[in-house]
Amino acid sequence: MTTSTNPRPGAGPRGSTSPSGRPTDAGSRNSGAHSAGDGGTSAASAVVRPRKPVKWGRIGAWTLVAVALIVTLAPFLWMLRTALSSNHSLAANAGSLLPADFSWGAFKRVLGLQSPEEAIAEGGSGAAINFWLYLRNSIIVSTLVTAGQVFFSAMAAYAFSRLRWPGRDKVFALFLATMMVPPIFTALPNFLMIKNLGLLNTYAGIILPFLFMTPFAIFFLRQFFLSMSREVEEAAMLDGAKHVRIFFQIVMPNAAAPLATLALLTFIGTWNEYFWPLLVGQDESVRVLTVGLGVFKSQSPQGAPDWSGLMAATLVAALPVLLLFIAFGKKVVNSIGFSGIK
Amino acid sequence: MTTITKLPDPTAGRAGQPAPARKNRRRSGDLRIALFFIFPAMIGFVAFFLIPTIRGVYLSFTEYSILGEPEWIGVKNYTSILGDELFWNAMTVTVQYVALNIGFQTVIALGLALLMHRVAKSTFIRGALLLPFLVANVIVALLWFWMLDYQLGIVNEVINWLGLPRIAFFGSEQWAIPTIAFVNVWRHMGYTALLIFAGLQAIPNHVYEVASLDGASPARTFWSITMPLLRPVLVLVLVVTVIGSFQVFDTVAVTTGGGPINASRVIQMYIYQKAFTESDFGYASALSVILFVILALVAFIQMKFLKGNESDLD
């Protein structure tokens, strides 16, 4: 019965519940009033009309979402498809959606499992690509930077949030102000300093500027530390615990989630960093993957680039981030809202 | 009663405004331990942020080619920059890039954010849209370098199939900057959308309820409620993305290297070349001071005129 859902005739059409307006055959005094409205008065038709566009709107909206997903994801599939193609067949099958003449050759080439002759035969440059070395370098650099930056920033954040000392807020403001300084601005003097210290082309040179802190990391953790309750901390103090112990045994474990999120963001960021390692880590022995990819591209002769090899290399280079993202995607996604509002 | 008031007494400093002597002692104790906790970060801050900032400004007033000592030359770097055609070209190219990039990115991201907010809140969709942002600039650049290749790229295949002439996306002067802008819009749109989405989530529902009771149309609701309430977030997003896109480098370095001719030599590319190809660190430092000043001005103007730090809520 329509009467049960719409007790008052006036509230009926506007109160909305979608089918209630239509069934005029439901035989009641209420529905009579409705049908009269539907027939002529502009008020009722103005109320009914938006319903259809809403439905179309939803279909349209989902179509747009689908288009956005395709635009976002299709290039990655194309990357995979190219990496699994044979280089020589790419030209003949430039538009085919499946790998052109399926082959693992590109991955073998990238991972150094092919002899130079084979590589050249398949369209590679034949030059050695120390992919495993670059991968190792990227892992070393990203791991050390992440561990150091998160830990030292956590220490500083503790001092800025849980300890009381004169000048605390001024020092914090100074730290924050450096968030405004663009990286390129400090990159040149930092390069000179690393050079003067004789640390060009060393891990230390690549790692040091990011090892101790970034203003953002401190700011990020301070927010969480501030929100932790003082009760547990003070109970521990009554038991005679010192700040060092409180930091390690109470604050750090309780902040495991934000620490993990920050570690994840730091790792991905360091893994993707290009400019700084390009400046100070040009030497083969410390070259990281991003810089290595640039070199790989320039090795390909301009006439016939090794596209399959290049796409296989980019895919392998992106793999750790993709795996991390599959494992912890939700954490990353949910932390973005916070990290953006710096 | 008495037992309760007595118990917290020994902890004193807790909420106690009438600070007794004990609290003062704790305060100085805190300073010492605070110094310990802040020490590593302080090293990093002083060595890699503070000193470099000061040194960067100093170097901009010198002539310095790494070999030998920096030589003080006053504002000569700055006066030469004003007459440097390549600098003005780099500025023009960068501003073009920023305008294209931010324009498309903001509009698309706003649309995506509204879609996410209204119809598709799933973490999976948000995650998928964020994916390009998590992959390195270099990888994104190489991927699109391949897809937009003149001969074999899938995009040109489709263009060709449609019966249109192929486009040398990275290889022609008029296309280089729009193409690089497009690639970075693709990389950042999901990220920017998430930031705006977070802002949309923060708008309380009852505002919309009141609007729908008043019979406001969706368009009216968007322009009169969503946009004004979203303003602080939009301004922040704009500040962050404009500052970021002024420093575009990776994509250019991997794809065009600044060419063809100077068509895509953005300001950071120019700084890089001055410093590391021409070994002119003084000049490069002066260029980066100018970039710094521009970025600070952009941030200041955006915050000031768009009133980014004021909310219409409450």
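Everything numeric in this text was worked out from a predicted model, so none of it was measured.

Caption draft 1: A look at the overall build of chain A. Tallying secondary structure elements over chain A gives 18 helices and zero strands in all. A buried classification covers 50% of the 342 residues belonging to chain A. In chain A, 67% of the contacts between residues at least 6 apart in sequence involve partners at least 24 apart. Split by element, the accessible area of chain A, about 16100 Å² in all, is 66% carbon and sulfur.

Caption draft 2: Representation of the overall build of chain B in the model. For chain B, the count of helices and strands is 13 helices and two strands. Looking at chain B as a whole, 52% of its 314 residues are labelled buried. For chain B, long-range pairs separated by at least 24 residues make up 64% of all intrachain contacts whose partners lie at least 6 apart in sequence. Here chain B displays about 15100 Å² of accessible surface, and carbon together with sulfur accounts for 66% of that area.

Caption draft 3: The environment of B:Ala136, seen in detail. Within the secondary structure, B:Ala136 sits in the loop between α5 (123-134) and α6 (137-147). Sequence separation of B:Ala136 and B:Leu162 is 26 residues, and the distance between their C-alpha atoms is 32 Å. With residues up to four places along the chain from it excluded, the contact list for B:Ala136 reads A:Asn272, A:Thr290 and B:Arg187.

Caption draft 4: Structural detail: the pattern of salt bridges. Under the counting rule described, the total for this entry stands at five salt bridges over all chains. In this structure, the salt-bridge partner of A:Glu284 is A:Arg287, at a minimum N-O distance of 3.2 Å. Looking at A:Arg287, the relative accessible area reads 11%, which means it is buried. The closest approach of N and O atoms between B:Arg166 and B:Glu157, which form a salt bridge, is 3.1 Å. We classify B:Arg166 as partly exposed; its relative accessible area is 24%.

Caption draft 5: Spotlight on the packing of aromatic side chains. Inspection of every chain in the model, using the stated rule, returns 40 aromatic pairs over all chains. For the pair A:Trp307 and B:Trp146, a centre-to-centre distance of 4.9 Å together with 35° between the ring planes defines the contact as tilted. Of this pair, A:Trp307 sits in helix α18 (residues 307-340) while B:Trp146 sits in helix α6, each in a different chain. Each member of the pair, A:Trp307 together with B:Trp146, is buried. For the pair B:Phe61 and B:Trp72, a centre-to-centre distance of 5.4 Å together with 25° between the ring planes defines the contact as stacked. In this pair, B:Phe61 sits in the loop between α2 (21-59) and β1 (62-65) while B:Trp72 sits in strand β2 (residues 67-72), placing the two residues eleven residues apart along the sequence. Take B:Phe61: its relative accessible area is 22%, and that puts it in the partly exposed class. Taking relative accessible area as the criterion, B:Trp72 reaches 54% and is therefore assigned exposed. Linked through ring pairs, A:Phe151, A:Phe152, A:Tyr158, A:Phe212, A:Phe247, A:Phe248, B:Phe36 and B:Phe37 together constitute an aromatic cluster.

Caption draft 6: Spotlight on the interface of chain A and chain B. Each partner contributes to the interface: chain A provides 89 residues, whereas chain B provides 85 residues. When the two sides are added together, the surface that chain A and chain B hide from each other amounts to roughly 8300 Å², 82% of it contributed by carbon and sulfur. Looking only at chain A, the three residues that lose the most surface to chain B are A:Phe185, A:Leu188 and A:Trp307, adding up to 9% of its buried area. At the boundary of chain A and chain B, one finds zero salt bridges. Remark: the boundary between chain A and chain B carries nine residue pairs in polar contact (both at pLDDT 80 or more). Classifying every residue of the side of chain A that touches chain B gives 66 nonpolar, 15 polar and eight charged.

Caption draft 7: The packing of helix α9 (residues 168-177) of chain A against helix α12 (residues 215-227) of chain A, seen in detail. All names here are of chain A. Running from N to C, α9 and α12 point in directions that differ by 130°, and their axes come no closer than 8 Å. It follows from the interaxial angle that α9 and α12 lie oblique. The two elements α9 and α12 meet at a crossing, and its hand is left-handed. Residue-level inspection shows Phe172, Phe175 and Leu176 of α9 in contact with α12, the latter providing Pro215, Ile218, Phe219 and Arg222.

Caption draft 8: Representation of the nonpolar core. Among the nonpolar cores identified, the biggest contains 205 residues, and A:Phe160, A:Ile218, A:Phe225 and B:Leu130 are the most heavily contacted of them. The element best represented in this core is α18(A), accounting for 16 residues. Setting aside its immediate chain neighbours within four residues, A:Phe225 contacts A:Ala154, A:Ala157, A:Tyr158, A:Ser161, A:Arg162, A:Val251 and A:Ala255.

Caption draft 9: View of helix α9 (residues 205-213) of chain B. Residue and element names in this part refer to chain B. Residues Val207, Tyr208 and Ala211 constitute the buried set of α9. Projected down its long axis, α9 shows its buried positions confined to an angular sector of 95°, all on one face. Residues of α9 that are exposed and point over 90 degrees away from its buried face: Asn205, His206 and Leu213. If you follow the buried residues of α9, they end up packed against α10 (218-246). A positive backbone phi angle near 75° is found at Gly215, which sits one or two residues after α9.

Caption draft 10: Molecular detail of the pairing of β2(B). All names here are of chain B. Judged by how many residues are buried, β2 sits mostly at the surface: zero of six residues are covered. When β1 meets β2, the two strands line up antiparallel, connected through three bridges. If you follow Ser65 over to β2, its bridge partner there is Leu67. Count of turn residues in the β1/β2 antiparallel hairpin: one residue, of which Ile66 carries a positive phi of about 70°.

Caption draft 11: Highlighting α10(B). Its 29 residues give α10(B) an end-to-end C-alpha distance of only 35 Å, which falls more than 12% under 42 Å, the value for a rise of 1.5 Å per residue. B:Arg231 marks where α10(B) bends most, by close to 55°; the proline B:Pro232 follows one to four residues later.

Caption draft 12: Spatial organisation of the confidence of the model for chain B. Residue and element names in this part refer to chain B. A residue-level look at chain B finds 88% of positions with pLDDT of 70 or above and a mean pLDDT of 86. Averaged pLDDT values for the elements of chain B fall to 37 in helix α1 (residues 2-6) and rise to 95 in helix α3 (residues 76-82). Below pLDDT 50 for its whole length, residues 1-27 participates in eleven contacts with residues either more than four positions away or in separate chains. Here the predicted complex scores 0.82 on pTM and 0.85 on ipTM.

Caption draft 13: A look at the packing of helix α8 (residues 131-161) of chain A against α12(A). All names here are of chain A. Axis separation between α8 and α12 bottoms out at 8 Å; the angle between their running directions is 50°. When the axes of α8 and α12 are compared, the pair comes out oblique. Considering the relative orientation of α8 and α12, their crossing is right-handed. Contact with α8, carried on its side by Gln149, Val150, Ser153, Ala154, Ala156, Ala157, Tyr158, Phe160 and Ser161, involves Ala217, Ile218, Leu221, Arg222, Phe225 and Leu226 of α12 and no other residues of that element. Per-class residue counts for the contact of α8 with α12 are eleven nonpolar, three polar and one charged.

Conventions adopted
Residues numbered from 1 in each chain as written. Chains lettered and ligands numbered in written order. Predicted model: local features only at pLDDT ≥ 70, side-chain atom pairs only at ≥ 80, totals over all residues. Heavy atoms only, no water. Helix = DSSP H or I, 4+ residues; strand = E, 2+ residues; numbered from the N terminus. Buried < 20%, exposed > 50% of the residue type's maximum accessible area, 1.4 Å probe, protein only. Contact = heavy atoms within 4.5 Å. Areas by Shrake-Rupley, 256 points an atom, 1.4 Å probe, with all protein chains shown as cover. Salt bridge = Lys/Arg side-chain N within 4 Å of Asp/Glu carboxyl O. Phe/Tyr/Trp six-rings, centres within 6.5 Å; stacked < 30°, edge-to-face > 60°. Buried area = accessible area lost by both parts, 1.4 Å probe. Polar contact = N/O pair within 3.5 Å; in protein donor to acceptor, adjacent residues only side chain to side chain. Nonpolar A, V, L, I, M, F, W, Y, C, P; charged D, E, K, R; others polar. Axes fitted to C-alpha atoms, helices over the stretch in contact; angles between N-to-C directions. Parallel < 35°, antiparallel > 145°, perpendicular 65-115°, else oblique. Left-handed = near helix turned anticlockwise from the far one by under 90°. Core = buried A, V, L, I, M, F, W, Y, C linked by side-chain atoms within 4.5 Å. Arc of directions from axis to C-beta. Pairing = 2+ DSSP bridges. Expected span 1.5 Å × (residues − 1). Bend = angle between axes of the 7 residues up to and from the residue. pLDDT = per-residue confidence, 0-100.

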